[in-house]
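Next come the chains, spelled out residue by residue.
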Amino acid sequence: MNNDLTVGSPQRVLWRFCLPLFASIIFQQLYNIADSLVAGKFVGEAALAAVGNSYEITLIFIAFAFGCNIGCSVVVSQLFGAKDYRQLRTAVYTAWIASGLLTVVLTTLGLALCGPLLRLIRTPQEIFSDSALYLRIYIGGLVFLIFYNIATGIFSALGDSRTPFLFLAASSVSNIFVDILFVTAFKMGVAGVAWATFLCQGVSCVLAIIAVLRRLSALPDAGKVPLFSVPLLRRITVIAVPSILQQSFISVGNIVIQATVNGFGSSVIAGYSAAVKLNNMVVTSFTTLGNGISNYTAQNIGAARYSRVRQGFWAGLRMVWVICVPLMAIYLIWAGQLVGFFMDEGSARAITTGTLFLRVLAPFYPVVSAKLVSDGILRGAGAMGPFMAATFTDLLLRVVLALVFASAFGETGIWFAWPVGWLASTAMSVVFYRHGSWHTTPDKAIDLVEEITELEPLE
């Protein structure tokens, strides 16, 4: 079901739209968490380290999938808000064609550079072969990753966050059972973990594309539409490329940090691998809520309803903090138990490493969540310059400080680089939001009458 995000209380609209997105990303993170959990519990600490080591490289490819998702989603949201269904269909087809070509290039390069990338991050010899095996199978499934992300972006652009949630829930739960089946019954080791993800993502991708085609056919008829448009590709690219660069540079920064962590041995790698996935589950959840705010912003800007953008900022901030506080408390109180869930009792140093990592970062979740709300509005409005500036500040500080602190304080010093980067980039994102054109541009005259009680107060 398509939903118009330009009407109704921003608070209610965002909660109704973003909660399924939040649940979806939890299930999405279960893919990687399940891989690490099954590898650590049923294969061993070295297998957990191998999967976690490869994970930082997979984030580069996830960056491209995320960029394709957000580029298509923002443009389709704006066209949906403007009720331009003809160009909306063309934008979807254009995104698919361009992403297909991108997938061929990424898969070819990824398979060719798999070994050099692992050597670049100083992968210990005892986990090198398993890391390479997991990574090659993962890269083979990039077509599913990218096209699935585009499909979920289209659903979000049409105001439907429920359908991708259902796909992800079914796929992620299946992935856990297939992981366990391949590893315990078929004794496939790390390869079984990778093939389980490959198969489950493939099925969910095909089903999601079929659902998108059915959804497009239900839109008002616009006659025969072009399958490709250079101007629309340019619009998508303007949003997608900065998002790809943002996520890619973050991934490169994480790889530098991973290389630093790798210098402290397999136990520290295993503890970091478990904790960073728990941390990423929270931060990626906030990022996904920010993506929902991007769709909300894009639809309202497409409909020239700028006051709702301002209302959406405060509604979004309240929403992420309501979700953030309980998660912060859970990580502070039960960090050791959560990290220990990934490994056996003999991994004392690994558990200590992961526990400290989470307890250093968790108190700053309200800060980074505020940044991601502001980023969502900047991205939805197409203000990619300010968005990139804040992101790169976070990345640069985090990488430089991780290297400096590691030399001075060992692996413990690395964890303190995150809060400094978050604080600086959050301040920048909020300032950029405050100076956006939505604070000065009046709404377009509309024929729609809304009840006073449905409106949220302005700033």
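Note that this is a predicted model, so its numbers are computed, not measured.

### A short note on the nonpolar core
Among the nonpolar cores identified, the biggest contains 77 residues, and Phe286, Phe357, Leu358, Tyr365, Trp415 and Trp418 are the most heavily contacted of them. Examining the composition of this core, we find that 17 residues originate from one element, helix H9 (residues 266-302), more than from any other. If we ignore the near neighbours within four places in the chain, the residues touching phenylalanine 286 are Val320, Ile323, Cys324, Tyr365, Val368, Ser369 and Leu372. By size, the runner-up hydrophobic cluster in this structure holds 53 residues, among which are Phe147, Ala151, Cys205 and Val225.

### Thoughts on the pattern of salt bridges
Scanning all chains against the criterion turns up 4 salt bridges. Across the pair arginine 215 and aspartate 160 runs a salt bridge, and its minimum N-O distance is 2.8 Å. Remark: aspartate 160 occurs in the loop between helix H5 (142-157) and helix H6 (162-185) and arginine 215 occurs in helix H7 (residues 189-217); sequence separation between them is 55 residues. Close ionic contact of aspartate 394 with arginine 398 constitutes a salt bridge, the shortest N to O distance being 2.9 Å. One end of the pair, aspartate 394, and the other, arginine 398, are both in helix H13 (residues 384-409), 4 residues apart, so they sit about a helical turn from each other. Summarising the burial analysis for this pair, aspartate 394 and arginine 398 share the class buried.

### Quick look at empty space enclosed by the protein
Rolled over the atoms, a probe sized like a water molecule indicates the empty space that remains. Going through the model one piece at a time under the given rule, you end up with 3 cavities of 30 Å³ or more. Volume-wise, the second largest cavity comes out at about 70 Å³. Listing elements by their share of the lining of the second largest cavity, those giving two or more residues are helix H4 (125-140), H5 and H7. No other element matches H7, which puts 4 residues into the lining of the second largest cavity.

### Comments concerning unusual backbone geometry
The backbone phi angle of lysine 83 is positive, close to 60°, even though this residue is not glycine. Within the element layout of this structure, lysine 83 appears in the loop between helix H2 (45-81) and helix H3 (85-120). Residue lysine 187 is not a glycine yet carries a positive backbone phi of 55°. Here lysine 187 is to be found in the loop between H6 and H7. With relative accessibility at 66%, the residue lysine 187 sits in the exposed group.

### Notes on the confidence of the model for the protein
When pLDDT is averaged along the protein, the result is 84; 93% of the residues meet or exceed 70. The element-level mean pLDDT for the protein is lowest in helix H1 (residues 10-43), coming to 75, with H3 highest at 92.

### Some points on helix H8 (residues 230-262)
Between its first and last C-alpha atoms H8 spans 44 Å; for 33 residues at 1.5 Å apiece the expected length is 48 Å, and the two agree. Approximately 30° is the largest bend angle found in H8, and it occurs at threonine 237. Where H8 begins, the capping side chain belongs to serine 229, and its oxygen is found 3.2 Å from the backbone nitrogen of leucine 232.

### Points about the side chain of glutamate 411
Tracing the chain through its elements places glutamate 411 in helix H14 (residues 411-415). At 3.3 Å, the side chain of glutamate 411 forms a polar contact with the side chain of arginine 349. Other than its neighbours up to four places away in sequence, glutamate 411 contacts Phe264, Val268 and Arg349.

### Observations regarding the packing of H13 against helix H15 (residues 417-434)
Here H13 crosses H15 at 165°, and the two axes come no closer than 8 Å. As judged from the angle between their axes, H13 and H15 are roughly antiparallel. Relative to H15, H13 is oriented so that their crossing is right-handed. Packed against H13, whose contacting residues are Pro386, Ala389, Ala390, Thr393, Asp394, Leu397, Arg398, Leu401, Ala402 and Phe405, the element H15 presents Ala417, Trp418, Val420, Gly421, Trp422, Ala424, Ser425, Met428, Ser429 and Phe432 at the interface. For the contact of H13 with H15, the class distribution of residues is 14 nonpolar, 4 polar and 2 charged.

### Side note on the packing of aromatic side chains
By the definition in use, this model includes 14 aromatic pairs. Consider the rings of phenylalanine 357 and tryptophan 418, whose centres lie 5.2 Å apart with planes at 85°: the pair is edge-to-face. Residue phenylalanine 357 is located in helix H11 (residues 348-361), and its partner tryptophan 418 is located in helix H15; the two are separated by 61 residues in the primary sequence. Among the residues examined, phenylalanine 357 registers a relative accessible area of 0% and is labelled buried.

What counts as what
Residues numbered from 1 in each chain as written. Predicted model: local features only at pLDDT ≥ 70, side-chain atom pairs only at ≥ 80, totals over all residues. Heavy atoms only, no water. Core = buried A, V, L, I, M, F, W, Y, C linked by side-chain atoms within 4.5 Å. Buried < 20%, exposed > 50% of the residue type's maximum accessible area, 1.4 Å probe, protein only. Helix = DSSP H or I, 4+ residues; strand = E, 2+ residues; numbered from the N terminus. Contact = heavy atoms within 4.5 Å. Salt bridge = Lys/Arg side-chain N within 4 Å of Asp/Glu carboxyl O. 1 Å grid on protein atoms, 1.4 Å probe; cavity = no way out; pocket = protein on both sides within 12 Å on 5 of 7 lines; lining within 4 Å. Points joined across faces, edges and corners; volume = space filled by probe spheres on them. pLDDT = per-residue confidence, 0-100. Expected span 1.5 Å × (residues − 1). Bend = angle between axes of the 7 residues up to and from the residue. Polar contact = N/O pair within 3.5 Å; in protein donor to acceptor, adjacent residues only side chain to side chain. Axes fitted to C-alpha atoms, helices over the stretch in contact; angles between N-to-C directions. Parallel < 35°, antiparallel > 145°, perpendicular 65-115°, else oblique. Left-handed = near helix turned anticlockwise from the far one by under 90°. Nonpolar A, V, L, I, M, F, W, Y, C, P; charged D, E, K, R; others polar. Phe/Tyr/Trp six-rings, centres within 6.5 Å; stacked < 30°, edge-to-face > 60°.

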